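# Residue-level structural notes
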Amino acid sequence: MKRLLLVGGGHAHAALLLDLAASKLTGVTVMLVTPDTHQTYSGMLPGLIAGHYSRDDIQIDVASLAQRSGVELVVDRAVALDAARRCVTLGSGREIGYDLASLNLGSLPNNCGVPGAKECAIAVKPFEEFLAAWERLRAKAANRSLQIAVVGAGAAGVELALAMRFALASSGTPPGVVLFSDKPFALPDHPPAAQRSIARLLSMERVELRVDTRIAGVEPGFVTGASGRREAFDAVVWVAGAAPQPWFRNSGLGLDKDGFILVDATLRSVTNPEVFAAGDSATLDATPHPKSGVYAIRQATVLAHNIRSSLSGGRSERFVPQKDALALISIGRKYCLATRGQWTLEGEWLWRVKDSIDRRWIRRFH
Ligand SMILES: Cc1cc2nc3c(=O)[nH]c(=O)nc-3n(C[C@H](O)[C@H](O)[C@H](O)COP(=O)(O)OP(=O)(O)OC[C@H]3O[C@@H](n4cnc5c(N)ncnc54)[C@H](O)[C@@H]3O)c2cc1C
């Protein structure tokens, strides 16, 4: 029996489990290591915060999916990988050997080396911890209006700031929400038209966008900007980009400059072809793209095909990322800004489009 080890229940592995449920592998034992039996779909998380969805609407039951696919589930966290010995160590200390491994364990919040960010701010990941912190904030907001800082004005920071403002305003205690960007605008990875539109929408929805403001320190109840200005907040939410798992560094796998696993177009490690990586954990050697769920989803088919062909000796497929992926950015209420390449559009109908795309993705797993 060959041993296939899947680490992380991200988008690509969830889709791989579906593929395995449809057609099981023979002569192969498959294990999935994941700390969570349910996977939260990030695309719908701002909608959950805003109050448009329930937890059930946005979660994939990875445990029952694994059962349907004949995959053994190990509820734990990987803490090390030794590429030379072909084994993964779990938080419990258990070691699991593999003939073929696939890593789809997302990314961690990037603290950008800011003192206090890890200890004093609410990180957006892991989502379960973020949602627990959000529930505590909501309870506090029942009595008074809160001041909330959101650090990081990429799409996730923008959506979360707007969703939190909408949710608390709808429940009768409108908060003050300040969104900090270290650039002269929000949505730095999007075209100028989208940056202008989101600045207008943030202002309409009463989220204050503070541009050119790098947060240099976080303490309990305060943030300090690089200029030295110290401001009081009830909560600081940290959404300042993606960082790799720190243990990738000692794995022996080839990494990019930021420490993510470097893969070729077939999603195999450039140094260890018996290791696949997909989603945020991986960087494509020839065609790097932003860390975003869209790519993790699109890599799923290629990953499933290539794992099967590795085991059976078939030909591999190549993953070619889209040049410009569509981004649908929700603004708290049921309204969306869409951007792709140089164009942008907005409207309530785009929220319905996003809602239907997201629900369709989740429905596949139910
Ligand atoms: C608020 C927010 C909104 C977003 N909205 C969008 C959007 O609308 N569209 C979009 O394209 N992107 C969006 N993103 C980005 C998107 O979340 C990520 O790019 C995407 O989740 C990456 O997918 P993945 O499959 O690599 O991993 P993930 O979906 O992050 O899944 C990783 C899995 O691995 C598990 N894991 C983590 N560590 C370990 C470990 N040590 N051992 C074992 N398992 C582990 C986790 O529990 C998780 O189940 C958003 C991000 C945020 C924060």
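Everything below is about the structure printed above this text.
Only a predicted model underlies this, so the values are computations on that prediction, with no experimental measurement involved.

This part takes up the site of the ligand. In the vicinity of the ligand, 31 residues are found, and the nearest of them are His-11, Asp-36, Gln-39, Ser-42 and Asp-280. Within the backbone of Ala-78, a nitrogen or oxygen atom sits 2.9 Å from a nitrogen atom of the ligand. Asp-280 is positioned with one of its backbone polar atoms (N or O) 2.8 Å from an oxygen atom of the ligand. Bound to the protein, the ligand loses 88% of the 1000 Å² it would expose on its own. Secondary-structure elements contributing two or more residues to the shell around the ligand are α6 (155-170) and α8 (293-312). Of the residues that make up the shell around the ligand, three or more belong to each of domain 1 (2-107 + 244-312) and domain 2 (109-241).

This next bit is on the sheet that holds strand β25 (residues 343-347). Strands sit in the order β23-β24-β25 across an open sheet of three strands; the sheet is antiparallel. A strand with exactly one partner marks an edge of an open sheet, and here the two such strands are β23 (327-331) and β25. Strand-to-strand twist in this sheet, taken as the mean axis angle between neighbours without regard to direction, amounts to 20 degrees. Both β23 and strand β24 (residues 333-340) contribute to a ladder of five bridges, which runs antiparallel. Paired with Ile-329 across the strands is Leu-337, a residue of β24. Along the sheet face, helix α7 (residues 192-204) touches β23, β24 and β25 and points at about 165 degrees away from the line of β24. Across the sheet, helix α9 (residues 348-363) touches β23, β24 and β25, and the angle it forms with β24 is around 85 degrees.

Glancing now at the pattern of salt bridges. A complete count under the given rule lists 19 salt bridges for this structure. We note a salt bridge from Arg-333 to Glu-205, for which the minimum N-O separation is 2.7 Å. Of this pair, Arg-333 sits in strand β24 while Glu-205 sits in the loop between α7 and β14 (207-210), and the two are 128 residues apart along the sequence. Judged by its relative accessible area of 23%, Arg-333 falls in the partly exposed class. For Glu-205, a relative accessible area of 15% translates into the label buried. One salt bridge in this structure joins Asp-358 and Lys-354, with 3.1 Å as the shortest N-O distance. Note that Asp-358 and Lys-354 are positioned in helix α9 at a spacing of four residues, about one turn of the helix.

Leu-45, Leu-103, Phe-130, Ile-148, Val-150 and Ile-198 are the most contacted members of the largest nonpolar core, which has 107 residues in total. Among the elements that take part in this core, α6 stands out by supplying eight residues, more than any other. No fewer than three residues from each of domain 1 (2-107 + 244-312) and domain 2 (109-241) sit in this core. Setting aside residues up to four positions removed in sequence, Leu-45 forms contacts with Thr-40, Ile-58, Val-124, Phe-127, Phe-130, Leu-131 and Leu-160. Grouped together as the second largest cluster of nonpolar side chains are 13 residues, Ala-149, Val-218, Phe-233 and Trp-238 included.

What follows concerns the pairing of strand β18 (residues 235-238). Both faces of β18 are covered, namely the face carrying Ala-235 and Val-237 and the face carrying Val-236 and Trp-238. In the sheet, strand β11 (residues 122-123) pairs with β18 via two bridges, with the strands oriented parallel. Bridging across to β18, Ile-122 finds its partner in Val-237. In this sheet, β18 lies alongside strand β12 (residues 147-151) in parallel orientation, the contact comprising four bridges. Among the inter-strand pairings, Ala-149 is bridged to a residue of β18, identified as Val-236.

The subject of this paragraph is unusual backbone geometry. Looking along the chain, the bond that leaves Lys-125 and enters Pro-126 is cis, with omega of -5 degrees. Mapped onto the fold, Pro-126 is located in the loop between β11 and α5 (127-141). Phi is positive for Cys-112, which is not a glycine, with a value near 55 degrees. Looking at Cys-112, the relative accessible area reads 44%, which means it is partly exposed. Of note, the phi angle at Leu-187 is positive, near 55 degrees, even though the residue is not glycine.

Turning to α8, a few remarks are in order. The end-to-end C-alpha distance of α8, which contains 20 residues, comes to 29 Å, matching closely the 28 Å that a straight helix rising 1.5 Å per residue would cover. If you look at α8, its biggest bend is around 35 degrees, right at Ala-300. On its buried face, α8 sits against β1 (2-7), α1 (11-22), β9 (100-103) and β21 (275-277). One or two residues past the end of α8 sits Gly-313, with phi positive at roughly 85 degrees.

The topology assignment puts Leu-81 in strand β6 (residues 78-82). Here Leu-81 falls in the buried class, since its relative accessible area comes to 4%. Counting along the chain gives 170 residues from Leu-81 to Ser-251, while the straight-line C-alpha distance between them is 5.0 Å.

What counts as what
Residues numbered from 1 in each chain as written. Predicted model: local features only at pLDDT ≥ 70, side-chain atom pairs only at ≥ 80, totals over all residues. Heavy atoms only, no water. Near = heavy atom within 4 Å. Polar contact = N/O pair within 3.5 Å; in protein donor to acceptor, adjacent residues only side chain to side chain. Areas by Shrake-Rupley, 256 points an atom, 1.4 Å probe, with all protein chains shown as cover. Helix = DSSP H or I, 4+ residues; strand = E, 2+ residues; numbered from the N terminus. Domains from an automatic or database assignment. Pairing = 2+ DSSP bridges. Axes fitted to C-alpha atoms, helices over the stretch in contact; angles between N-to-C directions. Contact = heavy atoms within 4.5 Å. Salt bridge = Lys/Arg side-chain N within 4 Å of Asp/Glu carboxyl O. Buried < 20%, exposed > 50% of the residue type's maximum accessible area, 1.4 Å probe, protein only. Core = buried A, V, L, I, M, F, W, Y, C linked by side-chain atoms within 4.5 Å. Expected span 1.5 Å × (residues − 1). Bend = angle between axes of the 7 residues up to and from the residue.

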